[in-house]
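Okay, here's what each chain looks like letter by letter:
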Amino acid sequence: MMKGDYMDSDLVEEIEYIITLLTKSGFFSVDEIVEILEDQFIDEEIDFSGFEILLEESSNQNFSKLENAFVKLAGENIVAVHNCGYDIEEGVADAFELYVHLINNKFKPRGFCFYTIEDVEYAIFDNKLRITFGDFENDESKALEIGKLASKYFKR
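Engineer: An account of the packing of helix α1 (residues 9-25) against helix α2 (residues 30-40) is needed here, citing residue identities and associated values.
Structural biologist: Two elements in contact, α1 and α2, have axes separated by 11 Å at closest approach and are oriented at 145°. For the element pair α1 and α2, the recorded crossing hand is right-handed. Along the contact surface, α1 presents E14, I15, I18, I19, L22 and T23, while α2 presents I33, I36, L37 and Q40.

Next up, the structure:
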């Protein structure tokens, strides 16, 4: 089924929204975007060649600043992950999975800091990026310490 072949307008709108989100996120190539769409709409049997997918060609100063803050956090023994899961639950699960891997390899991370695809979506359309942070022992004072450290690097 092509975009113009009697496709429900709500479905077209949903697909175009996802294309906008994925292209503006800056994380995916055109081929990866098509693959994500095919996976998400597998039951619809849609030919995505009828949809225009153009990647934005701008340098993203905000991402560079964010990357710099994440590198600094990693240097402080914080697991800092871009694009970590779809939502906060997946992000926390992914952070703990990394924690277990690091512990098994004789590293002892102090905590985590990440944002999710859902956070990227929020940032694209509302111009604010939510960041999740915490420690791996559910210790509120340690989590607050990590939050203050993250805040310091994000402000820089």
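Engineer: A description of the pairing of strand β1 (residues 78-81) should follow, citing residues and the corresponding values.
Structural biologist: As defined by bridge partners, β1 adjoins strand β2 (residues 111-114) across 4 bridges and the pair is classed as parallel. Directly across from V79, in β2, lies its bridge partner F112. In this fold, the crossover linking β1 to β2 by way of helix α4 (residues 88-104) has right-handed handedness.

Engineer: Can you tell me about the layout of surface pockets, naming the residues and giving the values?
Structural biologist: Volume-wise, the second largest pocket comes out at about 200 Å³. Those elements that provide at least two residues to the lining of the second largest pocket are α1, α2 and α5 (117-126). With 5 residues, α1 is the largest single contributor of residues to the lining of the second largest pocket. A breakdown of the residues in the lining of the second largest pocket according to their chemical character gives 7 nonpolar, 2 polar and 2 charged.

Engineer: Give a detailed account of the environment of I36, specifying residues and quantitative values.
Structural biologist: By secondary structure assignment, the location of I36 is in helix α2. Distance from I36 to L22, taken between C-alpha atoms, is 9.2 Å for residues 14 residues apart in sequence. Setting aside residues up to four positions removed in sequence, I36 forms contacts with L22 and F28.

Engineer: Explain the environment of E90 residue by residue, including any values.
Structural biologist: Tracing the sequence through the fold places E90 in helix α4. A relative accessible area of 40% means that E90 is categorised as partly exposed. Separated by 26 residues in sequence, E90 and T116 place their C-alpha atoms 8.3 Å apart. The contact partners of E90, leaving out residues within four places of it in the chain, are C84 and G85.

Engineer: Give a description of the sheet that holds strand β3 (residues 132-135) that names residues and reports values.
Structural biologist: Taking strand neighbours across the sheet as the criterion, the 3 strands line up as β1-β2-β3 in an open arrangement whose pairing is mixed. Across the chains shown, the open sheet's two edge strands, defined by having one partner strand only, are β1 and β3. Neighbouring strand axes in the sheet, compared pairwise and without regard to direction, differ in orientation by 10° on average. Here 4 bridges tie β2 to β3, and the two strands are oriented antiparallel to one another. Pairing of C113 across the sheet is with F133, part of β3. On top of the sheet, helix α6 (residues 140-155) reaches β1, β2 and β3; it is set at about 140° to β3, its chief contact.

Thresholds, definitions, all that
- Residues numbered from 1 in each chain as written.
- Predicted model: local features only at pLDDT ≥ 70, side-chain atom pairs only at ≥ 80, totals over all residues.
- Heavy atoms only, no water.
- Axes fitted to C-alpha atoms, helices over the stretch in contact; angles between N-to-C directions.
- Helix = DSSP H or I, 4+ residues; strand = E, 2+ residues; numbered from the N terminus.
- Left-handed = near helix turned anticlockwise from the far one by under 90°.
- Contact = heavy atoms within 4.5 Å.
- Pairing = 2+ DSSP bridges.
- Right-handed = clockwise from strand over helix to strand, strands pointing away.
- 1 Å grid on protein atoms, 1.4 Å probe; cavity = no way out; pocket = protein on both sides within 12 Å on 5 of 7 lines; lining within 4 Å.
- Points joined across faces, edges and corners; volume = space filled by probe spheres on them.
- Nonpolar A, V, L, I, M, F, W, Y, C, P; charged D, E, K, R; others polar.
- Buried < 20%, exposed > 50% of the residue type's maximum accessible area, 1.4 Å probe, protein only.

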